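What follows is each chain in one-letter form.
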Amino acid sequence: MNMLLTIVLVGISLSMDAFSLSIAYGTYSLKKTSMILLSSIVGIFHFFMPLLGVVFGQFINDFLIVNIDLVVGIIFGFIGIEMIFSSIKNEEVNIIVSFVGFLLFGLSVSIDSFTTGIGLSLINDNYFLCSFIFMIISFLFTFVGLNFGSRLNDKLGIYSTFCGGIILVLLSICYMF
C-alpha cells in the first residue's frame, strides 16, 4: 500500500504542470472531443516517457547536448504567443488546435516523466504499472484543467485566452532561464 501511495504521489507531481498549463490551453475553448484527444495524448506521453527514461535515460542524459528546459520553453513560448495574437486579432490559430499542436503540448508537459523514468527503478520494479498510473493521473489532471480553462473562457471571454497566452510565455521564460 505504501508503494502504491508513493507511485500515485509521483504521478500527481508529474501531472501538475499538465494541469496548470491545460488551464491556460483550455481558455481557447476546445470542443469536448478535442479535450479528450489532448488529454489522451498527454496520458499516452506520460505512459511511454518513463519507459523510455528507464531504457535510454541515462545514456541520453550523459550525451545529450541540448538543454531540455530550453526546448520546453521555446514550445511554450510559441504556443503562448500564438494564443496572444489570436486573442488580439480575434481569430482562430490552427497550430493550437491541430494534432501537431496537441503533440507538442503533450511532449512538453511529459518530458519530466522521461527524467523520472531514469530513477524509476528506485521506486518500483514494475515499470508498466507505474507508467499506467502516471498515464491515468495525467489524463485526469489534463482533462480537469482543460474544462476549468474552458469555464474561465465562458466567464471572461477573449481576455482569458490572452491571459492564458501570457501565462505560457512567462512559463517559457522561466523554463529557458
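Not measured: the values here are computed from a predicted model.

Thresholds applied
Residues numbered from 1 in each chain as written. Predicted model: local features only at pLDDT ≥ 70, side-chain atom pairs only at ≥ 80, totals over all residues. Heavy atoms only, no water. Helix = DSSP H or I, 4+ residues; strand = E, 2+ residues; numbered from the N terminus. Buried < 20%, exposed > 50% of the residue type's maximum accessible area, 1.4 Å probe, protein only. Contact = heavy atoms within 4.5 Å. Areas by Shrake-Rupley, 256 points an atom, 1.4 Å probe, with all protein chains shown as cover. Axes fitted to C-alpha atoms, helices over the stretch in contact; angles between N-to-C directions. Parallel < 35°, antiparallel > 145°, perpendicular 65-115°, else oblique. Left-handed = near helix turned anticlockwise from the far one by under 90°. Nonpolar A, V, L, I, M, F, W, Y, C, P; charged D, E, K, R; others polar. Core = buried A, V, L, I, M, F, W, Y, C linked by side-chain atoms within 4.5 Å. Phe/Tyr/Trp six-rings, centres within 6.5 Å; stacked < 30°, edge-to-face > 60°. pLDDT = per-residue confidence, 0-100.

A. Region of interest: the overall build of the chain. For the chain, the count of helices and strands is 8 helices and 0 strands. Beginning at the N terminus, the succession of helices and strands in the chain can be written as α-α-α-α-α-α-α-α. Every one of the 177 residues in the chain was classed for burial, and the buried ones make up 45%. Within the chain, contacts between residues at least 6 apart in sequence are counted, and of these 91% link residues at least 24 apart. Element-wise, carbon and sulfur atoms account for 74% of the exposed surface of the chain, whose accessible area totals about 9,400 Å².

B. Main features of the packing of helix 1 (residues 2–26) against helix 5 (residues 99–118). Orientation of helix 1 relative to helix 5, taken along the N-to-C sense of each, is 155°, at an axis distance of 10 Å. Judged by the angle between their axes, helix 1 and helix 5 are roughly antiparallel. The two elements helix 1 and helix 5 meet at a crossing, and its hand is right-handed. Residues Val-10, Leu-14, Asp-17, Ala-18, Leu-21, Ser-22 and Tyr-25 of helix 1 form the contact with helix 5, whose own contacting residues are Gly-101, Phe-102, Phe-105, Val-109, Asp-112, Ser-113 and Thr-116. Class assignment of the residues belonging to the contact of helix 1 with helix 5 gives a composition of 8 nonpolar, 4 polar and 2 charged.

C. Inspection of the nonpolar core at higher detail. Counting 17 residues, the largest nonpolar core has Tyr-25, Leu-30, Leu-38 and Phe-105 as the members making the most contacts within it. Among the secondary structure elements, those contributing two or more residues to this core are helix 1, helix 2 (32–63) and helix 5. For this core, the leading source of residues is helix 2, giving 6 residues. Core analysis: the next-biggest nonpolar cluster, separate from the first, contains 8 residues, Val-10, Leu-120, Cys-130 and Phe-134 among them.

D. Layout of the environment of Phe-105. Structurally, Phe-105 can be placed in helix 5. With a relative accessible area of 1%, Phe-105 lands in the buried category.

E. Examining the packing of aromatic side chains more closely. Under the counting rule described, the total for this entry stands at 6 aromatic pairs. Judged by centre distance (6.1 Å) and plane angle (75°), the ring pair of Phe-19 and Phe-141 falls under edge-to-face. Taken as a pair, Phe-19 in helix 1 and Phe-141 in helix 7 (residues 127–156) lie far apart in primary sequence, 122 residues in all. Given the relative accessible area of 23%, Phe-141 is considered partly exposed. When the ring of Phe-47 is compared with that of Phe-128, the centres are 6.4 Å apart and the planes differ by 40°; the resulting orientation is tilted. Here Phe-47 is found in helix 2, whereas its partner Phe-128 is found in helix 7, with 81 residues between them in sequence. We classify Phe-47 as buried; its relative accessible area is 15%. Here Phe-128 falls in the exposed class, since its relative accessible area comes to 57%.

F. Examining the environment of Lys-31 more closely. Here Lys-31 shows up in the loop between helix 1 and helix 2. Considering only alpha carbons, one finds Lys-31 and Asn-147, 116 residues apart in sequence, at a separation of 9.8 Å.

G. Expanded view of the confidence of the model for the chain. Summing up the model confidence of the chain, the mean pLDDT is 79 and the portion of residues at 70 or higher is 74%. Mean pLDDT across the elements of the chain ranges from a minimum in helix 4 (residues 94–97), with 59, to a maximum in helix 7, with 90.

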